[in-house]
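# Breakdown of the fold
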Amino acid sequence: EIHPVMSVRAFGTKERLDYVHTIQNSEPEKERANLALSDAIALIAVELGKNPSEFSINDYVKWFAQTFGGQIAKIRKLGVYHGHLHLQNITLDCRITDLEGILAVEKIFSTNHYEDLKKHLNEKELTSEIIYKSEFDGGKESLNDFLNDVANLTGKLSLEDVDVCLKLYEAEYNRELSVAKE
């Protein structure tokens, strides 16, 4: 059995989650958003070795939720804070972008970012746990917004589907955190 050390995606999409959110004003825009979403779903299906015609929107959003939860946990395990996990910084193939603002959590306490972040999070004092929780919560909020946008665009996701995905996000986050650093 082979356990790759690293995987590299040869192809991806530049389309961000906010594209599905902001582009739904007219029928041509809805068609374009559906096409971008369909392309991302097909890309992920092929990457997973699945037949794209059998990989449903539900399969995709579950994959997305789990993958995203794992990525947020990995960011935490690295001891860094992205701080900008919103729909414009996550692609439809679940890559986190705009990494230039990432800060080591330990450095936040000794820089001017401390006061800014304290004010932003509306906290009297900051701890690493508060910072990591805000990252987790920000990711969950972005995921929830994205899932609701997909539901509105496609009409194929129920509130129960959204809830299942949010639980998958949290479960994968916790599972990844429990995996020992290597």
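Note: the structure precedes this text.
Residues numbered from 1 in each chain as written. Predicted model: local features only at pLDDT ≥ 70, side-chain atom pairs only at ≥ 80, totals over all residues. Heavy atoms only, no water.

### Focus: the side chain of threonine 97
- Within the secondary structure, threonine 97 sits in the loop between strand S1 (80-81) and strand S2 (103-104).
- For threonine 97, a relative accessible area of 12% translates into the label buried.
- Within the structure, threonine 97 has its side chain in polar contact with the side chain of arginine 16 (distance 2.9 Å). (Helix = DSSP H or I, 4+ residues; strand = E, 2+ residues; numbered from the N terminus. Buried < 20%, exposed > 50% of the residue type's maximum accessible area, 1.4 Å probe, protein only. Polar contact = N/O pair within 3.5 Å; in protein donor to acceptor, adjacent residues only side chain to side chain.)

### Some remarks on the side chain of asparagine 89
- Examined against the element boundaries, asparagine 89 turns out to sit in the loop between S1 and S2.
- In this structure asparagine 89 comes out as buried when scored by relative accessible area, which is 4%.
- Among all residues touching asparagine 89, those that are not within four sequence positions of it are Arg16, His82, His84, Arg95, Ile96, Thr97 and Asp98. (Contact = heavy atoms within 4.5 Å.)

### Overview of the pattern of salt bridges
- Enumeration over the complete set of coordinates arrives at 12 salt bridges.
- For glutamate 129, the salt bridge is made with arginine 76, and the minimal N-O distance between the two is 2.4 Å. With glutamate 129 in helix H6 (residues 128-154) and arginine 76 in helix H3 (residues 57-77), this pair connects stretches of sequence that are 53 residues apart.
- The partner of lysine 167 in a salt bridge is aspartate 163, with the nearest N and O atoms 3.1 Å apart. Here lysine 167 and its partner aspartate 163 are both found in helix H7 (residues 159-178), four residues apart, which amounts to about one turn of the helix.
- For lysine 167, a relative accessible area of 54% translates into the label exposed.
- Each of Lys77, Glu172, Arg175 and Glu176 takes part in one network of salt bridges that share partners. (Salt bridge = Lys/Arg side-chain N within 4 Å of Asp/Glu carboxyl O.)

### Quick look at the packing of helix H2 (residues 27-47) against H3
- Relative to each other, H2 and H3 sit at 70 degrees, their axes nearing to 10 Å. With respect to H3, the element H2 is oriented roughly perpendicular. Residues Leu37, Ala40, Ile41 and Ile44 of H2 pack against Ile57, Tyr60 and Trp63 of H3.
- Of the residues belonging to the contact of H2 with H3, the class tally is seven nonpolar, no polar and no charged. (Axes fitted to C-alpha atoms, helices over the stretch in contact; angles between N-to-C directions. Parallel < 35°, antiparallel > 145°, perpendicular 65-115°, else oblique. Nonpolar A, V, L, I, M, F, W, Y, C, P; charged D, E, K, R; others polar.)

### Topic: unusual backbone geometry
- Although it is not a glycine, cysteine 94 sits at a positive phi angle of roughly 70 degrees.
- Mapping cysteine 94 onto the fold places it in the loop between S1 and S2.
- For asparagine 122, which is not glycine, the phi dihedral falls at a positive 55 degrees.
- With respect to the helices and strands, asparagine 122 occurs in the loop between helix H5 (113-120) and H6.

### Quick look at the packing of aromatic side chains
- Going through the model one piece at a time under the given rule, you end up with 10 aromatic pairs.
- Ring geometry for tyrosine 60 and phenylalanine 64: centres 6.0 Å apart, planes at 55 degrees, overall tilted. Here tyrosine 60 pairs with phenylalanine 64, and both are found in helix H3, just four residues apart, close to one helical turn.
- By relative accessible area, which is 0% here, tyrosine 60 ends up buried.
- Residue classification places phenylalanine 64 among the buried positions, given a relative accessible area of 1%.
- Ring centres 6.5 Å apart and planes at 80 degrees place the aromatic pair tyrosine 60 and phenylalanine 146 in the edge-to-face group. Pair noted here: tyrosine 60 is in helix H3 and phenylalanine 146 is in helix H6, with a separation of 86 residues, a long-range link. Pair check on accessibility: tyrosine 60 and phenylalanine 146 agree, each one buried. (Phe/Tyr/Trp six-rings, centres within 6.5 Å; stacked < 30°, edge-to-face > 60°.)

Note that all results are geometric; they support no functional claim without further evidence.
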